[in-house]
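Per-entry structural report
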Amino acid sequence: MFLQAPEFFAELCLPFPDHAVVGDTYFAVPVPGGQLRLRIDFTSTIRADTYGGLRVAVVHPDRGEIDAVALSFLDHGTFHRRDEATNTRPNTQGYGVIHKYHRPDEPPWAGAVTTGLRDAIERYTAVWFPGAWNTSTPARAAGRTVQPAPAAPVTRNGTCAR
């Protein structure tokens, strides 16, 4: 399996202790004893062996898939820094995707910044699995690309601070 999915999903630091990676798919039971399950797959593109994001689905054991959302790597900035460093431009082959053809000493998702994807998965699963992220969220390791952002000043005059 060229995607090295177990390592990729470990990089996401999802907080679900009851989970397994089978092939290139992540399965979890976010709420212990609950009926609903979580499934995360890589989404393919029109090119063979090329993947453009993740598909997150809520599955019921008897009724099957209840809801799903596609989270693209491009929309969540997963490979922005990698593509910028390699001078890969938008609308060109390889931009914002992972594919089978990569350096043999690196995973296909080398250079990924998974914070945007993880945050999107957290927002999505909070709807279907309330409280699941509050139980045992693992700490994210600080990487070289993480920069602390200054806090926005709090204003009380009815306008949004951005």
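Everything numeric in this text was worked out from a predicted model, so none of it was measured. (Residues numbered from 1 in each chain as written. Predicted model: local features only at pLDDT ≥ 70, side-chain atom pairs only at ≥ 80, totals over all residues. Heavy atoms only, no water.)

1. Some words on the pattern of salt bridges
A complete count under the given rule lists 3 salt bridges for this structure. Arg-39 is paired through a salt bridge with Glu-65; the nearest N and O atoms lie 2.5 Å apart. With Arg-39 in strand β3 (residues 37-44) and Glu-65 in strand β5 (residues 64-72), this residue pair connects regions lying 26 residues apart in the sequence. Look at Arg-39 and you get buried, because its relative accessible area is 19%. Glu-65 gets classed as partly exposed once you look at its relative accessible area, which sits at 38%. The partner of Glu-65 in a salt bridge is Arg-55, with the nearest N and O atoms 2.7 Å apart. Of this pair, Glu-65 sits in strand β5 while Arg-55 sits in strand β4 (residues 50-60), placing them 10 residues apart in sequence. One salt-bridge network, in which partners are shared between bridges, spans Arg-39, Asp-41, Arg-55 and Glu-65. (Salt bridge = Lys/Arg side-chain N within 4 Å of Asp/Glu carboxyl O. Helix = DSSP H or I, 4+ residues; strand = E, 2+ residues; numbered from the N terminus. Buried < 20%, exposed > 50% of the residue type's maximum accessible area, 1.4 Å probe, protein only.)

2. Focus on the pairing of strand β2 (residues 25-28)
Regular strands place their side chains on alternate faces of the sheet. As paired elements, strand β1 (residues 19-22) and β2 share 4 bridges and run antiparallel to each other. Opposite Val-21, over in β2, you have Tyr-26 as the bridge partner. Where β2 and β3 come together, 3 bridges link them in antiparallel fashion. Pairing of Tyr-26 across the sheet is with Ile-40, part of β3. (Pairing = 2+ DSSP bridges.)

3. What about unusual backbone geometry?
For Cys-13, which is not glycine, the phi torsion reads 55 degrees and is therefore positive. For Cys-13, the position within the fold is in the loop between α1 (5-12) and β1. A relative accessible area of 19% places Cys-13 in the buried class. Here the phi dihedral of Asp-49 falls at roughly 60 degrees; this positive angle occurs in a residue that is not glycine. With respect to the helices, strands and loops of the structure, Asp-49 is situated in the loop between β3 and β4. Look at Asp-49 and you get partly exposed, because its relative accessible area is 29%.

4. Some thoughts on the packing of aromatic side chains
Counted according to the given criterion, the structure contains 8 aromatic pairs. Relative to Phe-79, the ring of Phe-73 has its centre 5.2 Å away and its plane inclined at 85 degrees; by these criteria the two rings are edge-to-face. For Phe-79, a relative accessible area of 1% translates into the label buried. An aromatic cluster is defined as three or more aromatic residues linked by ring pairs; in this entry it consists of Phe-8, Phe-9, Tyr-26, Phe-42, Tyr-51, Phe-73 and Phe-79. (Phe/Tyr/Trp six-rings, centres within 6.5 Å; stacked < 30°, edge-to-face > 60°.)

5. Section: helix α3 (residues 115-128)
The terminal C-alpha atoms of α3, which comprises 14 residues, lie 20 Å apart, in line with the 20 Å expected from a rise of 1.5 Å per residue. Turning to α3, its buried residues number three or more, namely Leu-117, Arg-118, Ala-120, Ile-121, Tyr-124 and Thr-125. For α3, the buried positions fall inside an angular range of 160 degrees around the axis, keeping them on one side. Pointing more than 90 degrees away from the buried face of α3 are the exposed residues Arg-123 and Val-127. (Expected span 1.5 Å × (residues − 1). Arc of directions from axis to C-beta.)

Read these as geometric descriptors, not functional statements.
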